[in-house]
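# Remarks on the overall topology
Given next are the chains, with one letter for each unit.
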Amino acid sequence: MKDWRYWLAEQRGMLLALGIFIVMFIIYTSNHPAGFTANVVQTAANKGVLLAFVAMAQTLVVITAGIDLSVGMIFLLTNCLASWLVVGTPMQTTLGVIAVLAVGLLCGAINGAIVIYGRLQPIVATIATGAVFYGIGLLLRPFPGGSVNEDLADAMTGRVFDVVPASLVVLFAIVLLIWVPFSRSVLGRAAYAAGSSETAAYMSGVPIRRGKFAAYTLAGLLAAIGGLFLTFFTYTGDAAYASGNAYTLFSIAAVVLGGVSLFGGKGSAIGAIFGALAFRTIGDLLFVFDFDPLWQPLFQGVILLIAVSLGAFALFRVRNRLEWFL
Amino acid sequence: MDSAVPLFQMEGISKRYGGVRALEKAELVVTSGSIHAILGENGAGKSTLIKVMAGVVAPDEGRMTLDGREVTFLSPAAANQAGIVCIFQELSLVPDLSVADNIVISDPPKRFGMIDRKAQRRVAEEALARAGAADIHPLALVKDLPLSRRQMVEIAKALARKPRILILDEATSALTAADVSKIFGVLKRLRSEGLALLYISHRLNEIAELADQCTVFRNGRNVASYKAGSKSDNEVVELMIGREYSHIFPPKPATVPATAAPRLEARKLSWADRLHDISLTVRAGEVVGLGGLDGQGQRELLLAFFGVLRGLSGEVLIDGKPVAISSPAAAREDGIGMALIPEDRKTEGLMLPMTVRENLSFAALDRLSKGGIIDRAAEQRLIDDMVGLLAIKTAGLDIPVGALSGGNQQKVVIAKWLMRQPRIILLNDPTRGIDVGTKQELYQLMRKLADAGAAILFYSTDYDELIGCCDRVLVLYDGAVKRELVGAEITERALIASALNIHGEESPVGLGASA
């Protein structure tokens, strides 16, 4: 077999998500009253990157065969925190941003420490820490409010050269700065190996614990970047419980759409990003068709089911039933 | 220049697991430039010994020296660092990573802090070539490779770590004959390069060919060390099992008359590109072997009978009546009564974390329950029968089956199916990686079941087993039956010749004439 075929096999999930996204986005823009304009793209990008960051965070943990049910709450907590700290002079704003990101890292590190060193199940551990993070967010912002450095916010949600949405540029930069180095580092490989077969990884002397810890910690950081962007878009902090939960669940949907295996060891954050963008576009499709918004959750669910089923089609071709369980 | 100091030495090593003594004051001396075979039944302490050497478990007492200096290994990584690399029986490859990723996994080449994929590929290709497995593509995912190729990757991975002491624990158990001879060449070359090799195998003929020195373990102690070739197979086996050892194989009865109606019959069975027009019959009371090189469709054939494969063409007949078996659940139904003892007991045969009791009764739950409620008393009776019949050694019925030794796990798998009193028993290489004593019990059991009226179809990669156990052997090649050997025709030469599909050359004619 040629090299490119192996590459293709590896990227199948990501390419499928990309394909779904492109199709959905074409349907969306071609039915949008304004059509394919910089404005429409900018709005879509701004909504899409929020989920994209949270989905990237989820990807890192899912690769280790874990799951992080606190990503949505880290996202909220950092939003609330940013609405206090990311204000004032450029210097103060910069320190504020650093503080917010540091808190995200800390949240992720706490999750990692509990799961790895405390040996708790990731689901239980992150439900608990998620509640704690939400609780802190609620204390910070019992009611929606606060503010943000609007110059920074506008720059981040605006357009570069009047065409490219700035949020997409940032997303791209984060991929280059965090995902690419991680996935090509020893720690990243350890995370994959631990997710695929923890015993085999251990027997091979792979730094499993450090790899998993890095994955959880970076997940916290990525969720915090999402939280910052939420603040840039809304100019406020809001500990909205339902929204946090929705982001957590949608991040799992986006990850699966993007070809990341919930069993661990397989998939990439880039796939998850396209999964997130596709999922967001699906949600917005109804608006351009002038449907009652009440239909949105139902419609989104159905499309998600169909999309995930696409990935399962391979099972119908399986002729040895034992392969169903691999 | 102190040649008196051995490369590696273990003294007074003991290890207990709970109340079980796995190792008791074990001693071992390893010297450079030699192949040292470790023999012993399963549960004799070999695996624990290796795990201690490789840093997987810490000994309770005793000391280890490397180059005369005392060492302790806190992790497999530490042992690797010291130059001790182990190829474990349970494969230590990560399934979702590529071959190249796996080969360099303990210490990938780096550039600017990131893994250098080009260098990684080069290292992997080199290691694969050294292991004689250059046919494996470094970008292939490990999970897409068949077992025998994975084992070659495992060997390449070990070589890439530049070991001083290389431990091979049943490393050839899944290899094809061609790979085994390649690997032997590689191992002999490594010996000449000054490596110390520890070789654990249940195959005495392999050890005879390869080893310089042998050490036998029994009950956690090293009971004998001798120069390879200085003892006969029978003597070695006696040392291993510690009792008089006469006949491994039970006597075969007079051949079942060919006129008897077949219990299981296949007519022109084909599947995908793996099985081609296979026709065969198995009569009640008969043990029919499946031979040939590994991977010629034997496993697929068994899976086909057991209702696992979809899109079969051809016919399967039970007691002369055509049947369509759509799933393993259908295969075990009363009219069919089929059981399959799988090859991979850990994934297809047992639920490791569940108890011995639960595992035993799974396949027979429908018979043991009324209206969905399990009849505990009936279950207990049947389980007691089976544990007795198979002499399963377990500390209790309510411990996880994963805690048993390999041989006893395999007995549980077999017992589980015997609880249904199957009429047709398919065995897929059931003795792989289990000890001589248990093997012997299994051979006897197989014959007992056949005598009681079961029809047995038995795939084995071990020619001795086919010769010793089977009334007839069908040799498969490339998914088709190439040859049928009956009774005295079943010889090693005939098996090998037909397995390699070299008909006529080494005169199977002569064999046919004598039959």
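All residue numbers here refer to positions counted from 1 along the written sequence of the relevant chain. All chains are assigned letters beginning with A, and all ligands numbers beginning with 1, in the order in which they are written. For a predicted model such as this one, the threshold for reporting local features is a pLDDT of at least 70, and the threshold for listing and counting side-chain atom pairs is 80 or more; totals across whole chains, interfaces and linings nevertheless cover every residue.

## Concerning the overall build of chain A
If you tally the helices and strands in chain A, you get 14 helices and two strands. Note on method: radius of gyration uses C-alpha positions; expected globular size equals 2.2 Å times residues raised to 0.38. Relative to the compact-globule value of 20 Å for 326 residues, chain A shows a C-alpha radius of gyration of 20 Å, a close match. A principal-axis box enclosing the C-alpha atoms of chain A has dimensions of 60 × 50 × 35 Å. Relative to its full complement of 326 residues, chain A shows a buried share of 51%. Secondary structure follows DSSP: runs of H or I at least 4 residues long count as helices, runs of E at least 2 residues long count as strands, and numbering of each begins at the N terminus. Here a residue counts as buried when 20 or more other C-beta atoms fall within 10 Å of its C-beta, as exposed when 12 or fewer do, and as partly exposed in between; the C-beta atoms come from the backbone.

## Brief notes about helix α11 (residues 241-257) of chain A
An α-helical turn contains 3.6 residues, so a residue and the one three or four places further along point in the same direction. Residues and elements named next belong to chain A. An expected span of 1.5 Å times one less than the residue number is assigned to each helix. Taking 1.5 Å per residue as the helical rise, α11 with its 17 residues ought to reach 24 Å, and the 24 Å between its terminal C-alpha atoms agrees with that figure. All buried positions along α11 are accounted for by Gly244, Tyr247, Thr248, Phe250, Ser251, Ile252, Ala253, Ala254, Val255, Val256 and Leu257. Downstream of α11 by one or two residues, Gly259 has phi in the positive range, about 85°.

## Observations concerning the sheet that holds strand β17 (residues 321-323) of chain B
Residues and elements named next belong to chain B. One requirement defines pairing of two strands: DSSP has to find at least two bridges between them. Pairing within the open sheet is antiparallel, and its four strands lie in the order β14-β13-β16-β17. Looking at the sheet topology across the chains shown, the edges are occupied by β14 (275-283) and β17. Pairs of neighbouring strands in the sheet enclose a mean axial angle of 20°, with direction left out of account. In this structure, strand β13 (residues 262-271) lies alongside strand β16 (residues 313-318), joined through five bridges in antiparallel fashion. Following the sheet pairing, Ser270 is matched in β16 by Ser313. C-beta atoms are placed from the backbone for every residue, and two residues are taken to be in contact when these atoms lie within 7 Å. Axis lines are fitted through C-alpha atoms, for helices just across the contact stretch, and the angle between N-to-C directions can take any value from 0 to 180 degrees. Across the sheet, helix α9 (residues 298-305) lies against β13, β14 and β16, angled at about 65° from β14, the strand it touches most.

## What to know about helix α14 (residues 376-390) of chain B
Residues and elements named next belong to chain B. The terminal C-alpha atoms of α14 lie 21 Å apart, and with 15 residues this matches the ideal 21 Å at 1.5 Å per residue to within 8%. Check the buried side of α14 and you find it contacts α12 (356-361), α13 (365-368) and α15 (406-418). Just beyond α14, the residue with positive phi is Ala391, at close to 50°.

## Regarding the sheet that holds strand β6 (residues 84-87) of chain B
Residues and elements named next belong to chain B. Here six strands make up an open sheet; going across it, the order is β6-β9-β10-β3-β11-β12 and the pairing mixed. With partners counted over all chains shown, the strands left at the sheet margins are β6 and β12 (221-227), one partner each. Within the sheet, the average angular offset between the axes of one strand and its neighbour, ignoring direction, is 20°. Pairing between strand β3 (residues 34-39) and strand β11 (residues 213-218): four bridges, direction parallel. Directly across from Ala37, in β11, lies its bridge partner Cys214. Helix α1 (residues 46-53) contacts β3, β6, β9 (165-169), β10 (196-200) and β11 of the sheet and is inclined by roughly 150° relative to β9.

## Structural notes on the domain arrangement of chain B
The split of the chain into domains comes from an automatic or database domain assignment. Parsing chain B into structural domains produces domain 1 (8-241), domain 2 (262-337 + 423-515) and domain 3 (345-421). Domain 1 of chain B and domain 3 of chain B are separated by 33 Å when their C-alpha centres are compared.

## Some remarks on the nonpolar core
To define a nonpolar core, we join buried Ala, Val, Leu, Ile, Met, Phe, Trp, Tyr and Cys residues through C-beta atoms within 7 Å and take the resulting set. Grouped together as the largest cluster of nonpolar side chains are 181 residues, with contacts concentrated most on Phe53 of chain A together with Ala156 of chain B. Top element by residues in this core is helix α10 (residues 208-234) of chain A. It accounts for 16 residues. Not counting residues up to four positions away in its chain, the partners in contact with Ala156 of chain B are Ile103, Ala127, Leu128, Arg130, Ala131 and Ala133 of chain B. In terms of nonpolar packing, the next biggest core, distinct from the first, is built from 75 residues, Ile278, Val288, Leu427 and Ala455 of chain B among them.

## Details of the environment of Ala253 of chain A
Checked against the element boundaries, Ala253 of chain A lands in helix α11. Considering only alpha carbons, one finds Ala253 of chain A and Gly275 of chain A, 22 residues apart in sequence, at a separation of 7.8 Å.

## Quick look at the interface of chain A and chain B
Opposite the 24 residues of chain A that make contact, chain B presents 27 residues. Put simply, the parts of the chain that give the side of chain A that touches chain B at least two residues each are α1 (3-31), α7 (166-184), α8 (186-196) and α9 (198-203) of chain A. In terms of residues, the side of chain A that touches chain B owes the most to one element, α8 of chain A, which gives five residues. Lys, Arg, Asp and Glu make up the charged group, whereas Ala, Val, Leu, Ile, Met, Phe, Trp, Tyr, Cys and Pro make up the nonpolar group; the residues left over, Gly among them, are polar. When the residues that make up the side of chain A that touches chain B are grouped by side-chain class, the tally is eleven nonpolar, seven polar and six charged.

## Looking at the environment of Gly335 of chain B
Residue and element names in this part refer to chain B. Tracing the backbone through its elements, the reader meets Gly335 in the loop between α10 (328-331) and β18 (338-341). The class for Gly335 is exposed, based on 10 C-beta atoms found within 10 Å. Taking C-alpha positions, Gly335 is 9.7 Å from Val323, a pair spaced twelve residues apart along the chain.

## Things to note about the packing of α11 of chain A against helix α12 (residues 269-288) of chain A
All names here are of chain A. It is at 7 Å that the axes of α11 and α12 come closest, and there the two elements cross at 115°. Once α11 is placed against α12, the crossing between them reads as right-handed. Where α11 abuts α12, its residues Phe250, Ala253, Ala254, Val255 and Leu257 lie against Ala272, Gly275, Ala276, Ala278 and Phe279. When grouped by side-chain class, the residues that make up the contact of α11 with α12 number nine nonpolar, one polar and no charged. By the definition used in this description, the sense in which the near helix is turned from the far one sets the handedness, with an anticlockwise turn below a right angle giving left-handed and a clockwise turn giving right-handed.

## Quick notes on unusual backbone geometry
Residue and element names in this part refer to chain B. The backbone of Ala391 sits at a positive phi, close to 50°, despite the residue not being glycine. Even without glycine at this site, Gln421 takes up a positive phi of about 45°. Within the element layout of this structure, Gln421 appears in the loop between α15 and β21 (424-428).

## Details of the confidence of the model for chain B
Residues and elements named next belong to chain B. Averaged over chain B, the pLDDT score is 84; the fraction of residues at 70 or greater is 92%. Per-residue confidence from the prediction method is given by pLDDT, with values spanning 0 to 100. Looking across chain B, the model is least confident in helix α19 (residues 508-514), with a mean pLDDT of 36, and most confident in strand β22 (residues 455-459), with 94. Across the predicted assembly, pTM comes out at 0.74 and ipTM at 0.81.

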